[in-house]
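Chains, contacts and geometry: an overview
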Amino acid sequence: MARITLTDLTKVYDPDGEAVVAVEDCNLTVDDGEFLVLVGPSGCGKSTTLRCIAGLEDITEGRLEFGDTDVTTYSASERDVAMVFQNYALYPHMTVRQNIGFGLKLSSKLSSSEINDQVESVAEMLGISELLGDKPKELSGGQQQRVALGRAIVRKPEVFLMDEPLSNLDAKLRSDMRTELQELQQNLDVTTVYVTHDQTEAMAMGDRIAVMDKGILQQVGPPEEVYRQPVNEFVADFIGSPSINLLSADVDGSTLLGPGGFKYDLGNASPVEGHDRVRVGIRPEDIRLVDGGPNRAEVTVVEPMGNENFCYMELEHIEMTARISPTQRPTAGEEVAFAFDEAALYLFDAETGDALKTKTDESPDNIHTEVST
Ligand code: ADP
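Only a predicted model underlies this, so the values are computations on that prediction, with no experimental measurement involved.

Remark: helix α4 (residues 141-153) packs on helix α5 (residues 171-188), axes separated minimally by 12 Å, with the N-to-C direction vectors making an angle of 15°. Between α4 and α5, the interaxial angle falls into the category roughly parallel. Crossing handedness for the pair α4 and α5: right-handed. Of the residues in α5, those touching α4 at G142, Q145, R146, L149 and I153 are L173, M177, E180, L181, L184 and L188. Counted by class, the contact of α4 with α5 contains seven nonpolar, two polar and two charged residues.

Dropping the structure here:
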């Protein structure tokens, strides 16, 4: 097992030609045995960061350590990492037994019977013992993914690196495999970095999540902390489904004045002091539909989810979403009044996007159901 430390890690592709800065000055520590999820939109530098950790890309600047060992210039084979990719890259002509054992055969001096014992114990752990004689084409997507995991696990690496390993699976299987992978990682206790563009997966799986945008690490923390206390508008917007509602507002003393007559009196003006204009954020679960009030929007669609309804609304061309009680069914075209607590309000600097105020402890993560329309 190993702690992974990235210090000012920078990766520039083609530094002498059309330089692409894929990762810039990344500082990150993944604790021994931790499951860290690297998440961000496509092209933000997640895979590059992972490939630098694996030794599949040269690090342009900065340092990488496993435990106390500087591995910056180590080759991939010297680093004792195992990678699991989105495409499982199983050898089609080999059986499951051979696929799982292949890496051990190359990298260890174990006898055939010792390799067999280890392959069988890993196959049992993954529930694929009865498939050991099959070829990959005879397996379902989920089974192939288990074999790919088996191949990584059997090597007992210091570090697991996983790049979107579940994205080829259908939704139900993906969700089952998430749980399985987490349990497996906890049992094996191997430091793991897991890359995904899917924030729901990140929130569900990570001990901590690291959010990247445009090659720059934005925030690292436990999922709830990143959700409730995002450092900036990008993180607030990227994490959470449905997304946070965002609008621009002028500041008049302690009052926020936005489009479509939006008006909100802050009890305390200090977060907006010195700002003429801010960005306002309200999570969908924090919006209540109420009987009257200054803030009004027009309902476009109501989507029943069973345990709640998603109410899509427009506030002067700004699309908003409220998660409301299943007993509330406003109709499309209806004008509704909405309200929210100040404790739930997020405010961001209009220029830099930096957070000025985030959710406070008084704001519960629940859905308001008290008022019907
Ligand atoms: P992500 O995994 O978040 O989708 P990547 O790490 O794959 O992002 O890519 C980050 C940036 O680096 C992107 O702009 C991408 O186009 C660029 N990039 C990735 N691989 C290469 C490469 N081999 N050569 C040049 N540019 C690359």
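After presenting the structure, the write-up continues.
Neighbouring residues of the ligand: Y13, V20, A22, P41, S42, G43, C44, G45, K46, S47 and T48. In the environment of the ligand, an oxygen atom lies 3.0 Å from a nitrogen or oxygen atom belonging to the backbone of G45. Contact between the ligand and T48: an oxygen atom at 2.5 Å from a side-chain N or O atom of the residue. A total of 560 Å² of accessible area belongs to the ligand in isolation, and the protein chains cover 58% of it. Elements represented by at least two residues in the shell around the ligand include exactly β2 (20-30) and α1 (46-54). With three residues, the single largest contributor to the shell around the ligand is α1. Grouping the amino acids of the shell around the ligand by side-chain chemistry returns five nonpolar, five polar and one charged.

Going residue by residue along strand β20 (residues 346-349), you find Y346 and F348 tucked away on one face and L347 and D349 tucked away on the opposite face as well. As judged from the four bridges shared by strand β14 (residues 277-282) and β20, these two strands associate in the antiparallel manner. Bridged to R279 within β20 is F348. Sheet topology places β20 next to strand β21 (residues 355-357); two bridges connect them, and they run antiparallel. Bridge assignment links F348 to a residue of β21, and that residue is A355. Between β20 and β21, which pair antiparallel and follow one another directly, the connecting turn spans five residues, one of which, G353, has a positive phi of 80°.

Cut-offs used in this document
Residues numbered from 1 in each chain as written. Predicted model: local features only at pLDDT ≥ 70, side-chain atom pairs only at ≥ 80, totals over all residues. Heavy atoms only, no water. Axes fitted to C-alpha atoms, helices over the stretch in contact; angles between N-to-C directions. Helix = DSSP H or I, 4+ residues; strand = E, 2+ residues; numbered from the N terminus. Parallel < 35°, antiparallel > 145°, perpendicular 65-115°, else oblique. Left-handed = near helix turned anticlockwise from the far one by under 90°. Contact = heavy atoms within 4.5 Å. Nonpolar A, V, L, I, M, F, W, Y, C, P; charged D, E, K, R; others polar. Near = heavy atom within 4 Å. Polar contact = N/O pair within 3.5 Å; in protein donor to acceptor, adjacent residues only side chain to side chain. Areas by Shrake-Rupley, 256 points an atom, 1.4 Å probe, with all protein chains shown as cover. Buried < 20%, exposed > 50% of the residue type's maximum accessible area, 1.4 Å probe, protein only. Pairing = 2+ DSSP bridges.

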